[in-house]
Amino acid sequence: MPGAPDRKPSHLTDRAATVYAAPHYDKDGTELKEPLRKVGGPVDVSGGWFDAGDFLKFTHTAAYSTAQLLLAQRSLPDTPGLAAEARHGLDWLDKMWDGRSGTLVVST
(Lines give C-alpha, C1' and ligand atoms only; values in the text may rest on other atoms or scores of the structure.)
Protein backbone atom coordinates (compact mmCIF):
# COMPACT_ATOMS: atom_id res chain seq x y z
CA MET A 1 0.00 0.00 0.00
CA PRO A 2 1.49 3.35 -0.96
CA GLY A 3 2.34 5.59 1.99
CA ALA A 4 3.32 9.22 2.42
CA PRO A 5 6.39 8.86 0.14
CA ASP A 6 4.08 7.18 -2.44
CA ARG A 7 6.01 3.92 -2.24
CA LYS A 8 4.81 1.09 -4.42
CA PRO A 9 4.64 -2.58 -3.41
CA SER A 10 7.93 -4.42 -3.71
CA HIS A 11 9.39 -7.80 -2.84
CA LEU A 12 6.34 -9.30 -4.52
CA THR A 13 8.02 -12.71 -4.85
CA ASP A 14 8.99 -12.95 -1.17
CA ARG A 15 6.43 -15.68 -0.51
CA ALA A 16 8.49 -18.06 -2.66
CA ALA A 17 12.18 -17.27 -2.10
CA THR A 18 15.02 -19.61 -2.98
CA VAL A 19 17.50 -20.70 -0.31
CA TYR A 20 21.20 -20.87 -1.23
CA ALA A 21 24.17 -22.31 0.63
CA ALA A 22 26.60 -19.84 2.16
CA PRO A 23 28.75 -18.40 -0.66
CA HIS A 24 32.49 -18.99 -0.89
CA TYR A 25 34.67 -16.02 -1.85
CA ASP A 26 38.25 -15.61 -3.01
CA LYS A 27 40.95 -14.62 -0.52
CA ASP A 28 40.15 -10.92 -1.00
CA GLY A 29 36.47 -11.55 -0.30
CA THR A 30 35.45 -9.77 -3.48
CA GLU A 31 34.71 -12.52 -6.01
CA LEU A 32 32.65 -15.67 -5.71
CA LYS A 33 34.83 -18.78 -6.05
CA GLU A 34 31.89 -20.84 -7.34
CA PRO A 35 28.29 -20.22 -8.39
CA LEU A 36 25.64 -20.02 -5.71
CA ARG A 37 24.20 -23.45 -4.88
CA LYS A 38 20.47 -23.83 -4.34
CA VAL A 39 19.76 -25.84 -1.18
CA GLY A 40 16.08 -25.26 -0.56
CA GLY A 41 12.92 -23.36 -1.02
CA PRO A 42 10.66 -22.01 -1.73
CA VAL A 43 10.40 -20.35 1.69
CA ASP A 44 8.09 -17.52 2.69
CA VAL A 45 10.19 -14.50 3.70
CA SER A 46 7.41 -11.96 3.21
CA GLY A 47 6.93 -9.30 5.85
CA GLY A 48 9.58 -7.50 7.85
CA TRP A 49 10.81 -4.00 7.12
CA PHE A 50 12.66 -2.41 4.24
CA ASP A 51 16.23 -1.35 4.99
CA ALA A 52 17.12 2.34 4.64
CA GLY A 53 16.24 3.80 1.24
CA ASP A 54 17.25 0.86 -0.89
CA PHE A 55 14.18 -1.34 -0.28
CA LEU A 56 16.22 -4.37 0.78
CA LYS A 57 15.46 -6.52 3.80
CA PHE A 58 18.22 -7.94 5.96
CA THR A 59 17.80 -10.34 8.86
CA HIS A 60 20.65 -8.81 10.85
CA THR A 61 19.41 -5.22 10.60
CA ALA A 62 15.88 -6.35 11.46
CA ALA A 63 17.27 -8.09 14.56
CA TYR A 64 19.13 -4.93 15.60
CA SER A 65 16.10 -2.72 15.00
CA THR A 66 13.84 -5.08 16.92
CA ALA A 67 16.27 -5.14 19.85
CA GLN A 68 16.26 -1.33 19.88
CA LEU A 69 12.46 -1.27 19.84
CA LEU A 70 12.34 -3.71 22.76
CA LEU A 71 14.80 -1.59 24.73
CA ALA A 72 12.70 1.50 24.03
CA GLN A 73 9.57 -0.36 25.07
CA ARG A 74 11.20 -1.33 28.35
CA SER A 75 12.07 2.31 29.04
CA LEU A 76 8.86 3.81 27.65
CA PRO A 77 6.17 1.14 28.11
CA ASP A 78 3.24 3.51 27.49
CA THR A 79 4.44 4.70 24.06
CA PRO A 80 1.60 4.02 21.60
CA GLY A 81 2.45 1.52 18.87
CA LEU A 82 5.87 0.58 20.20
CA ALA A 83 4.88 -2.89 21.40
CA ALA A 84 3.10 -3.66 18.12
CA GLU A 85 6.11 -2.57 16.06
CA ALA A 86 8.47 -4.69 18.17
CA ARG A 87 6.08 -7.65 17.79
CA HIS A 88 6.13 -7.14 14.00
CA GLY A 89 9.92 -7.48 14.00
CA LEU A 90 9.89 -10.50 16.32
CA ASP A 91 7.26 -12.26 14.22
CA TRP A 92 9.27 -11.80 11.02
CA LEU A 93 12.52 -12.93 12.65
CA ASP A 94 10.75 -16.00 14.00
CA LYS A 95 9.59 -16.72 10.46
CA MET A 96 13.22 -16.61 9.28
CA TRP A 97 14.26 -19.32 11.77
CA ASP A 98 13.73 -22.99 10.89
CA GLY A 99 14.07 -24.80 14.21
CA ARG A 100 13.79 -28.23 12.58
CA SER A 101 16.93 -27.77 10.53
CA GLY A 102 18.66 -25.16 12.73
CA THR A 103 18.73 -22.74 9.80
CA LEU A 104 18.44 -18.97 9.91
CA VAL A 105 17.40 -17.60 6.53
CA VAL A 106 19.46 -14.48 5.89
CA SER A 107 17.12 -12.42 3.77
CA THR A 108 18.70 -9.97 1.34
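Refer to the structure presented above.
From a predicted model like this one, the values you see are computed outputs, not experimental measurements. (Residues numbered from 1 in each chain as written. Predicted model: local features only at pLDDT ≥ 70, side-chain atom pairs only at ≥ 80, totals over all residues. Heavy atoms only, no water.)

S.K.: Please clarify how the overall build of the chain should be interpreted in this entry.
M.R.: The number of helices and strands found in the chain is two helices and four strands. In the chain, the succession of α and β elements from N to C terminus is β-β-α-α-β-β. Relative to its full complement of 108 residues, the chain shows a buried share of 19%. Put simply, of all contacts in the chain between residues at least 6 apart along the chain, 49% involve residues at least 24 apart. For the chain, the exposed area adds up to about 8000 Å²; of that, 56% sits on carbon and sulfur atoms. (Helix = DSSP H or I, 4+ residues; strand = E, 2+ residues; numbered from the N terminus. Buried < 20%, exposed > 50% of the residue type's maximum accessible area, 1.4 Å probe, protein only. Contact = heavy atoms within 4.5 Å. Areas by Shrake-Rupley, 256 points an atom, 1.4 Å probe, with all protein chains shown as cover.)

S.K.: Just checking my understanding: could you explain the pairing of strand E1 (residues 17–20) for this structure?
M.R.: Within a regular strand, the side chains alternate between the two sheet faces. Taking every second residue as pointing to the same face, the buried face of E1 carries Ala17 and Val19, while none of Thr18 and Tyr20 on the other face is buried. Two elements, E1 and strand E2 (residues 38–43), share three bridges in a ladder whose sense is antiparallel. For Val19, the partnering residue across the bridge sits in E2 and is Gly40. (Pairing = 2+ DSSP bridges.)

S.K.: How should the nonpolar core be read in this particular structure?
M.R.: One finds Ala17, Val45, Ala62, Trp92, Leu93, Met96 and Val105 forming the largest nonpolar core, which totals seven residues. Ranked by the residues each element gives to this core, the list is headed by helix H2 (residues 82–96), at three residues. (Core = buried A, V, L, I, M, F, W, Y, C linked by side-chain atoms within 4.5 Å.)

From the geometry alone we can't say anything about function, so treat these as descriptive.
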